[in-house]
Amino acid sequence: MRIFNTLTKTVEEFVPNEDGKVAMYTCGPTVYHFAHIGNLRSYIMEDVLEKTFCYLGYDVKRVMNITDVGHLSSDADTGEDKMLKGAKREHKSVMEIAKFYTDAFFADCKKLNIKTPDVVEPATNCIDEFIHMIEALLEKEYAYIAGGNIYFDTSKLKDYYVFSSQSEKELMVGVRDDVEEDSNKRNKSDFVLWFTKSKFDDQELKWDSPWGVGYPGWHIECSCISMKHLGEYMDIHCGGVDNIFPHHTNEIAQSEAYLGHKWCNYWFHVHHLNDKSGKMSKSNGDFLTVSLLESKGYNPLVYRMFCLQSHYRKPLEFSYEVMENVAAAYNKLLNKISELKDDGSVDNEKFRAFDEKFRDAIGNDLNTSMAITCIYDVLRDDMNDKTKAELLKSFDKVLSLDLFAGGAKAEVDGELEAYILSMIEERKAAKKEKNFVRADEIRNELLAKGIIIEDTREGVRWRIQS
Ligand code: AMP
Ligand code: ZN
């Protein structure tokens with residue numbers, strides 16, 4: 001398995017600490033709003049990474065946190081807690097919105113066939129662990145108290161900017177909002193480990209600590225939660241590129257200061273999904289969700305395929321035009337696969353040869369578009385149907401596109417049906433107004449999604465293309 005490591009900025013051979021085992025950590029969502037499809041691009045690609053490890057024979061333990069406290073509106077420790085902002089917006093308590101959006105996140109993941117990590121730990125479960133690590137950092141003089149808060153002293157490290165070949169501009173990608181100067185900090189890059197004083201003193205969730213009643217900083221969460229479940233040595237840590245700085249930089253600083261040795265060997269970062277106006281962001285409230293895609297008639301797995309068709313290390317621009325094309329290709333593919341006959345016996349030689357190609361693709365820094373090409377190569381080959389079916393079932397363990405859910409057997413859920421019916425009504429109205437251009441547009445839009453409409457004497461009928 002070869003994988004790009006942000007630490008070294010090169011594609012490296014993956015060598016885990018323990019033979020055959022992978023200790024993997026994923027920065028989880030901040031649950032103050034729905035996840036947007038940009039966030040979900042990161043989780044889809046991390047899911048493919050986990051499943052690739054498994055496919056290649058590794059035993060993976062994957063841990064993810066849920067950020068339900070401490071993530072301020074700017075990643076540079078300023079602004080209000082995002083959770084509190086979300087709670088105010090919805091006139092609910094922080095724990096109420098945490099529960100609601102955590103459930104919504106996993107519901108979206110399920111629709112996208114993203115496996116739930118082995119361990120999911122909300123930050124508010126681990127306050128004792130945070131306090132313990134901060135006490136140790138104070139004792140080792142890597143941390144200091146100023147103005148009621150505890151800060152990490154970045155000047156104590158030989159190399160704070162570990163992702164050093166990143167330019168300052170690249171690093172600042174993570175600083176999502178305007179940065180305010182905090183005069184308590186000894187160095188500009190120092191960061192908060194524990195707050196007891198902030199200009200937002202109506203923080204809802206607070207805990208007793210040796211330094212007074214307060215709450216943890218965001219970065220300490222991931223260090224503690226990963227160590228709690230994966231121990232002192234981690235193989236691979238994942239997130240979106242905006243996490244490189246300051247979040248992951250700070251995680252490394254405090255973890256290695258605490259442990260006294262190297263903590264994590266590989267850093268995996270997924271590039272952003274952008275829309276035409278730029279990076280998709282949760283904080284501006286205007287963003288694309290899985291439910292929105294569904295309400296427009298898309299199967300969420302079409303979005304998964306949209307993501308798999310491009311490389312995770314390239315920025316990806318979302319457009320409905322491309323989604324239409326992917327939807328059409330996806331439906332065609334599923335129809336073709338549904339026609340495979342499940343008889344005969346597997347041609348082992350062919351199986352091995354095509355499986356090898358697939359392994360090479362995913363094992364080469366997750367070349368998912370090449371992996372999708374492998375599907376078409378199998379379908380085009382003259383091997384028997386049984387071998388084709390077995391190969392595609394096998395590939396789908398990683399791609400998770402429900403390759404066998406298609407064709408005449410496709411199940412139409414309520415939301416898709418409601419969409420189809422509303423399109424048929426709109427087409428009827430367009431025809432009544434003699435707007436035949438619009439009527440044709442609607443027919444074609446449905447056709448692109450694999451839905452055929454027929455005008456019959458009894459009215460309009462629809463069916464899934466077989
Ligand atoms: P958050 O819920 O804001 O903490 O973000 C959850 C995950 O989504 C993090 O790993 C981010 O790095 C990632 N992320 C945020 N915005 C995007 C985007 N536009 N495209 C891809 N990943 C993103
Ligand atoms: Zn994190």
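This write-up is about the structure you can find in this document. (Residues numbered from 1 in each chain as written. Chains lettered and ligands numbered in written order. Predicted model: local features only at pLDDT ≥ 70, side-chain atom pairs only at ≥ 80, totals over all residues. Heavy atoms only, no water.)

### Describing the coordination of the zinc ion (ligand 2)
Okay, so step 1: Protein ligation of the zinc ion (ligand 2) involves Cys27 (SG), Cys222 (SG) and His247 (NE2), the donor distances falling in the range 2.0 to 2.1 Å.
Okay, so step 2: Each donor residue of the zinc ion (ligand 2) belongs to the same chain, with the gaps between them written as C-x194-C-x24-H. On the criterion of sequence distance, the pair formed by Cys222 in helix α6 (residues 218-230) and His247 in helix α7 (residues 244-259) is long-range, its members being 25 residues apart.
Okay, so step 3: Take His247: its relative accessible area is 0%, and that puts it in the buried class. (Donors = N, O, S within 2.8 Å, 3.2 Å for Na, K, Ca; no water. Helix = DSSP H or I, 4+ residues; strand = E, 2+ residues; numbered from the N terminus. Buried < 20%, exposed > 50% of the residue type's maximum accessible area, 1.4 Å probe, protein only.)

### Some points on the side chain of Asn274
Okay, so step 1: Note on placement: Asn274 falls in strand β14 (residues 273-275).
Okay, so step 2: For Asn274, a relative accessible area of 19% puts it in the buried group.
Okay, so step 3: What Asn274 contacts, discounting residues up to four positions off in sequence, is Lys279, Met280, Pro315, Leu316, Glu317 and Phe318. (Contact = heavy atoms within 4.5 Å.)

### Some details on the site of ligand 1
Okay, so step 1: Taken together, 20 residues lie near ligand 1, and Thr30, Gly38, Ser42, Asp242 and Lys282 sit nearest.
Okay, so step 2: In the environment of ligand 1, an oxygen atom lies 2.8 Å from a nitrogen or oxygen atom belonging to the side chain of Thr30.
Okay, so step 3: For ligand 1, an oxygen atom lies 3.0 Å from a polar atom in the backbone of Gly240.
Okay, so step 4: For the shell around ligand 1, the secondary structure elements donating two or more residues are α1 (37-55) and β12 (234-240).
Okay, so step 5: A total of 4 residues in the shell around ligand 1 trace back to one element, the largest contributor, which is α1.
Okay, so step 6: When the residues that make up the shell around ligand 1 are grouped by side-chain class, the tally is 4 nonpolar, 12 polar and 4 charged. (Near = heavy atom within 4 Å. Polar contact = N/O pair within 3.5 Å; in protein donor to acceptor, adjacent residues only side chain to side chain. Nonpolar A, V, L, I, M, F, W, Y, C, P; charged D, E, K, R; others polar.)

### As for the pattern of salt bridges
Okay, so step 1: Counting across every chain of the model gives 31 salt bridges.
Okay, so step 2: Connected via shared salt-bridge partners are Glu46, Glu50, Arg62, Lys115 and Asp118. (Salt bridge = Lys/Arg side-chain N within 4 Å of Asp/Glu carboxyl O.)

### As for the sheet that holds β14
Okay, so step 1: The 3 strands lie next to each other as β15-β14-β16, forming an open sheet whose pairing is mixed. The sheet terminates laterally at β15 (278-279) and β16 (316-317), the two strands that pair on one side only.
Okay, so step 2: Where β14 and β16 come together, 2 bridges link them in parallel fashion. Pairing of Leu273 across the sheet is with Leu316, part of β16. (Pairing = 2+ DSSP bridges.)

### A word on the packing of helix α4 (residues 127-139) against α6
Okay, so step 1: Packing of α4 against α6 leaves a shortest axis separation of 9 Å and a crossing angle of 105°. In terms of orientation, α4 lies roughly perpendicular with respect to α6. Mapping the contact onto sequence places Glu129, Phe130, Met133 and Ile134 in α4 and Ile220, Glu221, Ser223, Cys224, Ile225, Met227 and Lys228 in α6.
Okay, so step 2: The residue makeup of the contact of α4 with α6, split by class, is 7 nonpolar, 1 polar and 3 charged. (Axes fitted to C-alpha atoms, helices over the stretch in contact; angles between N-to-C directions. Parallel < 35°, antiparallel > 145°, perpendicular 65-115°, else oblique.)

### Focus: the side chain of Thr102
Okay, so step 1: One can find Thr102 in helix α3 (residues 94-111).
Okay, so step 2: According to the relative accessible area criterion, Thr102 is buried, its value standing at 15%.
Okay, so step 3: Not counting chain neighbours up to four residues away, the residues in contact with Thr102 comprise Val31 and Ile66.

### Comments concerning the packing of aromatic side chains
Okay, so step 1: As enumerated under the stated definition, the model contains 27 aromatic pairs in all.
Okay, so step 2: Ring plane angle 85° and centroid distance 4.9 Å describe the contact between Phe100 and Tyr101, whose orientation is recorded as edge-to-face.
Okay, so step 3: A cation sits over an aromatic face here: Arg313 above Phe4, 4.0 Å from the ring centre.
Okay, so step 4: Over the face of the ring belonging to Phe404 we find Lys393, whose NZ or CZ atom lies 5.8 Å from the ring centre. (Phe/Tyr/Trp six-rings, centres within 6.5 Å; stacked < 30°, edge-to-face > 60°. Lys NZ or Arg CZ within 6 Å of the ring centre and 35° of its normal.)

### Here's the deal with α1
Okay, so step 1: Compared with an ideal rise of 1.5 Å per residue, which puts 19 residues at 27 Å, α1 spans 26 Å between its outermost C-alpha atoms and is within 8% of the ideal.
Okay, so step 2: The buried fraction of α1 amounts to 17 of the 19 residues, a majority that puts the element mostly inside the structure.
Okay, so step 3: A positive phi of about 100° marks Gly57, the residue just after α1. (Expected span 1.5 Å × (residues − 1).)

### Considering the sheet that holds strand β8 (residues 143-146)
By definition, the strands of a sheet pair up through backbone hydrogen bonds, in either a parallel or an antiparallel sense.
Okay, so step 1: The strand order across the open sheet built from 4 strands is β8-β9-β10-β11, with neighbouring strands paired in antiparallel fashion. Across the chains shown, the open sheet's two edge strands, defined by having one partner strand only, are β8 and β11 (215-216).
Okay, so step 2: Contacts from α7 reach β9 (149-152) and β10 (191-195), with the element oriented near 70° to β10.

### Here's the deal with the nonpolar core
Okay, so step 1: Within the largest apolar cluster, 133 residues are counted, with the highest numbers of intra-cluster contacts made by Leu49, Phe53, Tyr303 and Phe395.
Okay, so step 2: If you tally residues by element for this core, the top one is α1, at 9 residues.
Okay, so step 3: Residue contacts for Phe395: discarding those within four places in its chain leaves Tyr55, Phe354, Asp355, Phe358, Cys374, Ile375 and Val378.
Okay, so step 4: Core analysis: the next-biggest nonpolar cluster, separate from the first, contains 9 residues, Tyr419, Ile420, Met423 and Ile424 among them. (Core = buried A, V, L, I, M, F, W, Y, C linked by side-chain atoms within 4.5 Å.)

### As for the pairing of β10
Okay, so step 1: For β10, the tally of buried residues reaches 5 of 5 residues, placing the bulk of the element in the interior.
Okay, so step 2: With 3 bridges connecting them, β9 and β10 associate as antiparallel partners. The residue of β10 that forms the bridge with Tyr151 is Val192.
Okay, so step 3: In the sheet, β10 pairs with β11 via 2 bridges, with the strands oriented antiparallel. Looking across to β11, one finds that Phe195 is bridged to Tyr215.

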